[in-house]
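Listed below, chain by chain, are the residues.
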Amino acid sequence: MKLYCLSGHPTLPCNVLKFKSTTIMLDCGLDTTSVLNFLPLPLVHSPRLSKLPGWISKDGTINLEKELKDCAGRVFVDSQPEFCLPERELLDLSTIDVILISNYHCMMALPYITEHTGFTGTVYATEPTLQIGRLLMEEVVNFMERVPKAQSATCWKNKEIQRMLPGPLKDSVDVWTWKRCYSMHEVNSALSKVQLVGYSQKVELFGAVQVSPLSSGYSLGSSNWIIQSHHEKVSYVSGSSLLTTHPQPMDQSSLKNSDVLILTGLTQMPTANPDGMLGEFCSNLAMTIRAGGNVLVPCYSSGVIYDLLECLYQFIESASLGTTPFYFISPVANSSLEFSQIFAEWLCHNKQTKVYLPEPPFPHAELIQTNKLKHYPSIHGDFSSEFRQPCVVFTGHPSLRFGDVVHFMELWGKSSLNTIIFTEPDFSYLDALAPYQPLAMKCVYCPIDTRLNFHQVSKLLKEVQPLHVVCPEQYTQPPLTQSHRSDLMLELQPPPMPYRRCSVLNLPFRRRYERVYILPELANSLVPSEIKPGVSVATVSAVVHSKDNKHTLQSVPKPPPVAPSKKRKRVMDEPPVVLAPKPLLSGAVPLEAFLATLQKHGITEVKVEETADGHILHLQAEDTLIQLEEDGTHIVCDNNEPLRTTLRDLVLRFLQKL
């Protein structure tokens, strides 16, 4: 069993498991942190960004004025932002049989895999994962296509040139694998390969293994996966949460008795308590609004935004913010808010019960009805005529490199009354803000990450007790910035097996058993013999028939009767001769009783030598050796067939024939 690791990002995994002749891809996360190296894409012409000076090396030997721009003391690529794809050279991706998706954040690289590698398999995901994943992909495609860039920057990627560039461009890895965003046609084609599954539904793969999704408690429809055969079990844990938020709670008990547990997607903010961050988010928002400023919240169009809106719903009245408008701007804003209300069976019990009252499970429905929350596809159109300040705007993209958020950064960045509140943990907020410096607006960092922290995962692993744990190498050592914090790493016995991008792990357990079925008529012909009280065995002569990884014992076919023929047949036409099987022997030869029997038959000069496996009897007068071992008896006798036959018969007296 092998694991191929195609992504170096611990919360955006992409691994391939080879297990019992099946090749299974576990998630295909897209590392979007690469976009931080690019200039923002403004929706409205920005004089500031269009007049940036080009970059030339200090000695003047490298001139990349058209590709690289100097902005706020850092160098950025002036081109459409590109994403860092999973590794595609480590193994032939066209051999992948199935792709298992754990949540909608971990499927963003799907079109690159399914459309450009010769993939012909099936993708399995839950319905909310598919539908919300589609919205997130559609949103990114829309953001990119609204602001097309004519030129594509490639010269800076030359290894010799990249070495000469200032950081962080110089330190970027695998820049040649970075790719522009896919098209909507590719998204639709990729998602047409998805087959929907429900929690605990068992899916057979070629008769070899069975896969089954379990609720992971992190987001709508998010799953952990069980991959098992009759005798082996692998658990894949990705993006799980034990906190009480809107999704169904995590199913922990089904993870027990795993031979291998592959662990990814722990919290990116182990020291930030989500409840504390929500409180800080609300208080900073209220403070800014009371001072007459605006609040900008860069966020994804699904996920934490549901919890933020719910928190604000409870907070608005007590903080006297009843008249403040809340705007949610995204090409998929309407779909996202509606989808969250219709996936009732994927919600926690508390929200499920509301559906039967009937009430909307999320309070943002009431915020929309009372006109406190308004949603728009973009800043153009209705929004520009209805927009009033001070207000709170939720919009994307959290990287601040594309989407409507770029316009608000340009619009509000110069006033210290305004505040930007970062809630998504995927990007460094300082790197996200770099091209907008100097910035007068206040910046608040409240990363809300509900995924498992190290304390929770250690407790979980003690309960489910897998034989082996495999995890990203980042989890086996403390963070670089807090090297003294040994509580921010996994300490297990035996130690976990770490992986990094491009590593191939041989998973540490061997398949020992295989299930074989026996046909009723063959079973009926067996004659069991009792070898000890309560244990009977029978010998069987059969033909093994294997199809779709199912093995069946069938009766040996009888050769057809040969019709008398005058023609002489070739030897090859003769049916194979089926020999009667020799009887199997069981039991052990007791030393003292065997020596007494030899003496009765006139063999008296016997020298006994003890060995690691049993005894060696040297019959000195006959110059013969008898090796008595636990699993066999050997008689070494030169040119004396009568003696060998006599000794064999004496040994057989002590053994049972089957």
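Keep in mind that what you see is a predicted model, and the values were worked out from it rather than measured.

Our focus in this paragraph is the packing of helix α16 (residues 591-600) against helix α17 (residues 641-652). Orientation of α16 relative to α17, taken along the N-to-C sense of each, is 140°, at an axis distance of 11 Å. As the angle between them shows, α16 and α17 are arranged oblique. With respect to the hand of their crossing, α16 and α17 are arranged in right-handed fashion. For the pair α16 and α17, the contacting residues are Phe 594, Thr 597 and Leu 598 in the first and Leu 647, Leu 650 and Val 651 in the second. Classifying every residue of the contact of α16 with α17 gives 5 nonpolar, 1 polar and no charged.

This paragraph deals with the state of the cysteines. All told, the structure shown has 0 disulfides when counted by the stated rule. Looking at the unpaired Cys 181, the closest cysteine sulfur is the one in Cys 28, lying at 14 Å. According to the relative accessible area criterion, Cys 181 is buried, its value standing at 15%. Free of any disulfide, Cys 391 has its nearest neighbouring cysteine sulfur in Cys 299, separated by 14 Å.

As a further point, take the sheet that holds strand β35 (residues 632-636). Across the sheet, which stays open at both edges, the 4 strands sit in the order β32-β33-β34-β35 with antiparallel pairing between neighbours. Edge positions in the open sheet fall to β32 (606-610) and β35, since each of these has one partner strand only. Adjacent strand axes in the sheet meet at a mean angle of 15°, parallel and antiparallel pairs treated alike. As defined by bridge partners, strand β34 (residues 624-629) adjoins β35 across 5 bridges and the pair is classed as antiparallel. Along β35, the bridge assignment pairs Gln 627 with His 634. Lying over the sheet, α16 contacts β32, β33 (614-619) and β34, oriented at roughly 15° with respect to β33. Against the sheet, α17 touches β33, β34 and β35, its axis set at about 160° to β35.

The subject of this paragraph is the pattern of salt bridges. The full count for this structure, using the stated rule, is 16 salt bridges. Notably, a salt bridge pairs Asp 78 with Lys 149, separated by 2.5 Å at the nearest N-O pair. Linking Asp 78 in the loop between β6 (74-77) and β7 (83-84) with Lys 149 in the loop between α3 (127-146) and α4 (159-164), this pair joins segments that are 71 residues apart in sequence. Its relative accessible area of 12% is what places Asp 78 among the buried residues. When the shortest N-O distance is used, the salt bridge between Asp 404 and Arg 146 registers 3.0 Å.

The tally for this structure, following the rule as stated, stands at 20 aromatic pairs. Their ring planes at 55° and their centres at 6.0 Å tell us that Tyr 327 and Tyr 376 sit as a pair that is tilted. With Tyr 327 in strand β18 (residues 326-329) and Tyr 376 in strand β19 (residues 373-376), the pair connects residues that are 49 residues apart, well separated along the chain. Assessed through its relative accessible area of 6%, Tyr 376 is described here as buried.

Right, let's talk about the domain arrangement of the protein chain for a bit. Looking at the protein chain, the domain boundaries give domain 1 (2-267 + 451-506), domain 2 (274-445) and domain 3 (585-657). Computed from C-alpha coordinates alone, the two centres of domain 2 and domain 3 are separated by 88 Å.

The next thing to look at is the packing of α3 against helix α5 (residues 184-191). At their nearest, the axes of α3 and α5 sit 10 Å apart, and the two run at 165° to each other. The angle between the axes of α3 and α5 places the two elements in the roughly antiparallel class. The chirality of how α3 crosses α5 is right-handed. Residues Leu 130, Arg 134, Met 137, Glu 138, Val 141 and Glu 145 of α3 lie in contact with α5, whose contacting residues are Met 184, Val 187, Asn 188 and Leu 191. Across the contact of α3 with α5, the residue classes tally to 6 nonpolar, 1 polar and 3 charged.

We now examine the nonpolar core. Counting 110 residues, the largest nonpolar core has Met 25, Phe 83, Ile 99, Leu 110, Phe 281 and Phe 394 as the members making the most contacts within it. Looking at which domains feed residues into this core, each of domain 1 (2-267 + 451-506) and domain 2 (274-445) gives three or more.

With an omega of -5°, the peptide bond between Gln 389 and Pro 390 qualifies as cis. Of the consecutive residues Gln 437 and Pro 438, the connecting peptide bond is found in the cis state with omega at -5°. Relative to the assigned elements, Pro 438 resides in the loop between α13 (429-433) and β22 (442-445). One non-glycine residue, Ala 72, lies in the positive phi region at around 55°. Following the sequence through the fold, Ala 72 ends up in the loop between β5 (63-71) and β6. The backbone of Ser 200 sits at a positive phi, close to 70°, despite the residue not being glycine. By relative accessible area, Ser 200 is classed as partly exposed at 44%.

What follows is about the UniProt feature "domain: Beta-Casp" (unreviewed entry) in the protein chain. Mapped onto the present numbering, the UniProt feature "domain: Beta-Casp" (unreviewed entry) falls at residues 305-433. Secondary structure across residues 305-433 divides into 41% helix and 12% strand, with the first and last C-alpha atoms of the span separated by 21 Å.

Once that is clear, we can look at the pairing of strand β17 (residues 295-298). Side-chain alternation along β17 places Val 295 and Val 297 on one buried face and Leu 296 and Pro 298 on a second face that is also buried. The pairing of β17 with strand β20 (residues 392-395) spans 4 bridges and is classified as parallel. Bridge pairing in β20 places Val 295 opposite Val 392. Pairing of β17 with strand β21 (residues 419-422) involves 2 bridges; the strand directions are parallel. Within β21, the residue paired with Leu 296 across the bridge is Ile 420.

Rules behind the numbers
Residues numbered from 1 in each chain as written. Predicted model: local features only at pLDDT ≥ 70, side-chain atom pairs only at ≥ 80, totals over all residues. Heavy atoms only, no water. Axes fitted to C-alpha atoms, helices over the stretch in contact; angles between N-to-C directions. Helix = DSSP H or I, 4+ residues; strand = E, 2+ residues; numbered from the N terminus. Parallel < 35°, antiparallel > 145°, perpendicular 65-115°, else oblique. Left-handed = near helix turned anticlockwise from the far one by under 90°. Contact = heavy atoms within 4.5 Å. Nonpolar A, V, L, I, M, F, W, Y, C, P; charged D, E, K, R; others polar. Disulfide = S-S within 2.5 Å. Buried < 20%, exposed > 50% of the residue type's maximum accessible area, 1.4 Å probe, protein only. Pairing = 2+ DSSP bridges. Salt bridge = Lys/Arg side-chain N within 4 Å of Asp/Glu carboxyl O. Phe/Tyr/Trp six-rings, centres within 6.5 Å; stacked < 30°, edge-to-face > 60°. Domains from an automatic or database assignment. Core = buried A, V, L, I, M, F, W, Y, C linked by side-chain atoms within 4.5 Å. UniProt positions renumbered as here; feature names shortened; annotations may be inferred.

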